[in-house]
Amino acid sequence: MSIIQHIASLLDQIEIKYEKEESALLMHWKTEHFEDLKIKIISNKDESWAYIVAPFTNFYQVEETKRMKLAYDMLKESWKANGVKYAIDEDDDIIVIAETNDTDLTSEEIQTLVGHVVHACDTLWKIYPS
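Scope of this entry: the structure provided in the associated data block. (Residues numbered from 1 in each chain as written. Predicted model: local features only at pLDDT ≥ 70, side-chain atom pairs only at ≥ 80, totals over all residues. Heavy atoms only, no water.)

### Examining helix α3 (residues 107-127)
Just so we agree on the cut-off: Put simply, DSSP H or I for four residues or longer makes a helix, DSSP E for two residues or longer makes a strand, and each gets a number counted from the N terminus. To estimate how far a helix should reach, multiply one less than its number of residues by 1.5 Å. Categorising residues by exposure relies on relative accessible area from a 1.4 Å probe, with only protein chains included: less than 20% of the type maximum marks a residue as buried, more than 50% marks it as exposed, and the intermediate range marks it as partly exposed.
In this model α3 runs 31 Å from its N-terminal to its C-terminal C-alpha over 21 residues, within 8% of the 30 Å that 1.5 Å per residue would give. Burial in α3 covers these residues: I110, L113, V114, V117, V118, A120, C121, D122, T123, L124 and I127.

Written out as structure tokens, the structure reads:
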């Protein structure tokens, strides 16, 4: 069983709804600040790591005069956040990510990781320049 199939079975156990994509699981969340927050669960090629990722806008869509403050605030929030990083991926997209190399996850662990990402997205909304 692949790690994505294993995580899908855990999400089924705790009744978190998701959609299956090619090699990922997609969840939709409604939060205090988001009507449709999209979070994906993916793995690396050898399935030794699982990633819970929420993509945002491209970093260069942020007004140039506000980019460095946002990057600084993201770095500070990464320090405070429990098990979550605010990052910029290889396509320069802002992301919120939790990762684990525990390929024998429990339903409680996946629920915690997803919950941390959802909460961190609401925090990112607060520091994102308007």
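### Overview of the sheet that holds strand β6 (residues 93-100)
Condition: Pairing between two strands requires that DSSP report at least two bridges joining them. Any pair of residues with heavy atoms lying within 4.5 Å of one another is described as a contacting pair. Every axis in this analysis is a line fitted to C-alpha atoms, fitted for helices over the stretch in contact. Angles between the N-to-C directions lie between 0 and 180 degrees.
Read across the open sheet, the 6 strands follow the order β1-β2-β3-β4-β6-β5; overall the sheet is antiparallel. The two strands at the open ends of the sheet, each matched to only one other strand, are β1 (19-20) and β5 (85-88). Here 5 bridges tie strand β2 (residues 25-29) to strand β3 (residues 37-43), and the two strands are oriented antiparallel to one another. Paired with L25 across the strands is I41, a residue of β3. Across the sheet, α3 is in contact with β2, β3, β4 (50-58), β5 and β6; its angle to β6 comes to roughly 155 degrees.

### Looking at the packing of helix α2 (residues 64-80) against α3
Formally: Throughout this description, any angle smaller than 35 degrees is read as roughly parallel, any larger than 145 degrees as roughly antiparallel, any in the 65 to 115 degree range as roughly perpendicular, and the remainder as oblique. Here is the rule for handedness: rotate from the far helix to the near one, and if that takes an anticlockwise turn smaller than a right angle the crossing is left-handed, while a clockwise turn gives right-handed.
Where α2 meets α3, the closest approach of the two axes is 10 Å, and the angle between their N-to-C directions is 150 degrees. The orientation of α2 relative to α3 falls into the category roughly antiparallel. For the crossing formed where α2 meets α3, the hand is right-handed. Contacts between α2 and α3 pair L70, D73, M74 and E77 from the former with T123, L124 and I127 from the latter.

### A short note on the environment of E22
Tracing the backbone through its elements, the reader meets E22 in the loop between β1 and β2. The exposure class assigned to E22 is exposed, which follows from its relative accessible area of 86%.

### Details of the packing of aromatic side chains
We count it as follows: Note on ring pairs: Phe, Tyr and Trp rings are taken, using the six-membered ring of Trp, and paired if centres are within 6.5 Å. Classes follow the plane angle, with under 30 degrees stacked, over 60 edge-to-face and the rest tilted.
Within the structure shown, the criterion is met by 3 aromatic pairs. The interplanar angle of 65 degrees and the centroid separation of 5.8 Å between the aromatic rings of F34 and F56 together place this pair among those described as edge-to-face. A residue pair is termed long-range when its members are at least 10 positions apart, and F34 in the loop between β2 and β3 and F56 in strand β4 qualify at 22 residues. With centroids separated by 6.5 Å and ring planes inclined at 15 degrees, the aromatic side chains of W49 and Y51 adopt a geometry described as stacked. Among the residues examined, W49 registers a relative accessible area of 30% and is labelled partly exposed. Given the relative accessible area of 19%, Y51 is considered buried.

### A short note on the nonpolar core
Heads up, the rule is: Here, nonpolar core means buried Ala, Val, Leu, Ile, Met, Phe, Trp, Tyr and Cys residues that are tied together by side-chain atoms lying within 4.5 Å of each other.
Core analysis: the biggest nonpolar cluster contains 36 residues, and I7, L11, I41, I52, V96, I110 and V117 have the highest contact counts within it. When contributions to this core are tallied by element, the ones reaching two or more residues are α1 (3-13), β2, β3, β4, α2, β6 and α3. In terms of residues, this core owes the most to one element, α3, which gives 9 residues. Look past the residues within four positions of I52 in its chain and what remains in contact with it is I39, K40, I41, V96, I97, A98, I110, L113, V114 and V117.

### Focus: the pairing of β6
In terms of residue burial, β6 counts as a mostly covered element, since 6 of its 8 residues are buried. Taken together, the 7 bridges between β4 and β6 define a ladder with antiparallel strand orientation. Residue pairing across strands places N58 opposite D93, the latter belonging to β6. For β5 and β6, the ladder comprises 4 bridges, and the chain directions are antiparallel. Bridged to Y86 within β6 is V96.

None of the figures reported here should be taken as evidence of function without further support.
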